[in-house]
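Below are the chains, spelled out letter by letter.
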Amino acid sequence: MVCGFTGHRRLPWGGDETDPRCAALKTVLGRRIAEAAAAGCGTFLCGMARGADTYFAEAVLALRNGGLDLRLEALVPCPSQAGGWPAADRDRWTRLLAACDAVTVLEPAYTPGCMLRRNRVLVDRSDVLITVYDGSGGGTASTVAYARRRGRPLLPVWL
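Now for a description of the structure that goes with this document. Keep in mind it's a predicted model, so treat the numbers as computed, not measured. Numbers given for residues are sequential positions, taken from 1 along each chain in its written order. It should be noted that, the model being predicted, local features are given only for residues of pLDDT at least 70 and side-chain atom pairs only at 80 or more, the latter also being counted only at that level, while totals for whole chains, interfaces and linings use all residues. For side-chain calculations, the full set of non-hydrogen atoms in the structure is used, while hydrogens and water are omitted.

## Structural notes on unusual backbone geometry
So, point 1. In the Ramachandran plot, M48 falls in the positive-phi region, its phi being about 65° despite a non-glycine side chain.
So, point 2. The secondary structure listing takes helices from DSSP runs of H or I that are at least 4 residues long and strands from runs of E that are at least 2 residues long, numbered from the N terminus. Turning to its location among the elements, M48 is positioned in the loop between β2 (43-46) and α2 (52-65).
So, point 3. Residue classification places M48 among the buried positions, given a relative accessible area of 2%. Accessibility here uses a 1.4 Å probe with only protein chains present; expressed as a share of the type maximum, an area under 20% marks a residue as buried, one over 50% as exposed, and anything in between as partly exposed.

## With respect to the packing of aromatic side chains
So, point 1. Ring geometry is summarised as follows: Phe, Tyr and Trp rings, the Trp one being its six-membered ring, pair when their centres sit within 6.5 Å, and such pairs are stacked at plane angles under 30 degrees, edge-to-face over 60 and tilted between the two. Counted by the stated rule, this structure contains four aromatic pairs.
So, point 2. Look at F5 and F56: their rings are 4.4 Å apart centre to centre, the planes differ by 15°, and that puts the pair in the stacked class. Remark: F56 occurs in helix α2 and F5 occurs in strand β1 (residues 2-7); sequence separation between them is 51 residues.
So, point 3. Among the residues examined, F56 registers a relative accessible area of 0% and is labelled buried.
So, point 4. Both rings, one in W85 and one in W93, keep their centres 6.2 Å apart while their planes meet at 75°; by these two values the pair is edge-to-face. In this pair, the class of W85 matches that of W93, namely buried.

## Some points on the pairing of β2
So, point 1. Alternating positions in β2 separate into two faces, T43 and L45 on one and F44 and C46 on the other, with burial throughout.
So, point 2. By the bridge criterion, three bridges tie β1 to β2 in an arrangement that is parallel. Within the sheet, the bridge partner assigned to C3 lies in β2 and is F44.
So, point 3. Sheet analysis places β2 next to strand β3 (residues 71-76), joined by four bridges and oriented parallel. Note that in β3 the partner of C46 across the bridge is A74.
So, point 4. Convention used here: a crossover is right-handed provided that the path from the first strand, over the helix, to the second strand proceeds clockwise when the strands point away from the viewer. In the classification by handedness, the crossover that spans β2, the intervening α2 and the parallel β3 is right-handed. Being paired, for any two strands, means DSSP has found at least two bridges between them.

## Overview of α2
So, point 1. Spanning 14 residues, α2 covers 20 Å between terminal C-alpha atoms, matching the ideal 20 Å at 1.5 Å per step.
So, point 2. For α2, the complete set of buried residues consists of A52, D53, T54, Y55, F56, A57, A59, V60 and L61.
So, point 3. In what follows, a contact means two residues having at least one pair of non-hydrogen atoms within 4.5 Å. Packing partners of the buried residues in α2 comprise β1, α1 (20-38), β2, β3, α3 (87-99) and β5 (128-133).
So, point 4. Looking one or two residues past α2, G67 carries a phi angle of roughly 115°, positive in sign. Each helix should span, by expectation, one fewer than its residue count multiplied by 1.5 Å.

## Description of the side chain of T131
So, point 1. Mapping T131 onto the fold places it in strand β5.
So, point 2. Leaving out residues up to four positions away in the same chain, T131 has contacts with T6, V144, L154, L155, P156 and V157.

## Considering the side chain of D53
So, point 1. Topologically, D53 is positioned in helix α2.
So, point 2. All tallies of charge rest on Lys and Arg as positive and Asp and Glu as negative; His and the ends of each chain are not included. Within this document, salt bridges are pairs made up of a side-chain nitrogen of Lys or Arg and a carboxyl oxygen of Asp or Glu, the two lying within 4 Å of each other. Buried charged residue D53 carries no salt bridge. Nearest counter-charge: R118, at 4.9 Å.
So, point 3. Beyond its immediate chain neighbours, meaning those up to four positions away, D53 contacts F5, T6, G7, C46, G47 and M48.

This is the structure in structure tokens:
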């Protein structure tokens, strides 16, 4: 089975990963991933955005390094996804891509809507979806709505 992930890029603590709320999110994400693995998910799909996607990818890799047989696949919307990010975030993205079992680049260049199309591919290829969602609008909201329309079970992590 395949488990996809969607979540917010902008989180209440900004980029401060020392914030206790960030640590709590990372802990809960690890638990949700372990639950999905115990239910039969072996492949985990990540859209590789900053924020919650990064934490998700890191949690999958940590559980894999801890002995679980997990496969991480990056669904990159376009090669320039991290192009405008700060250097530290680009370096982190590059390290995560290198640790993935597979990297699928969906479009050869950025185009309006490529992020949305990436999110739809992620949902279409998933049997279940872990979500970090606070009920607000945006890309995560549209991905959650699309997953519901497609009948995908959701494993929510609420902010």
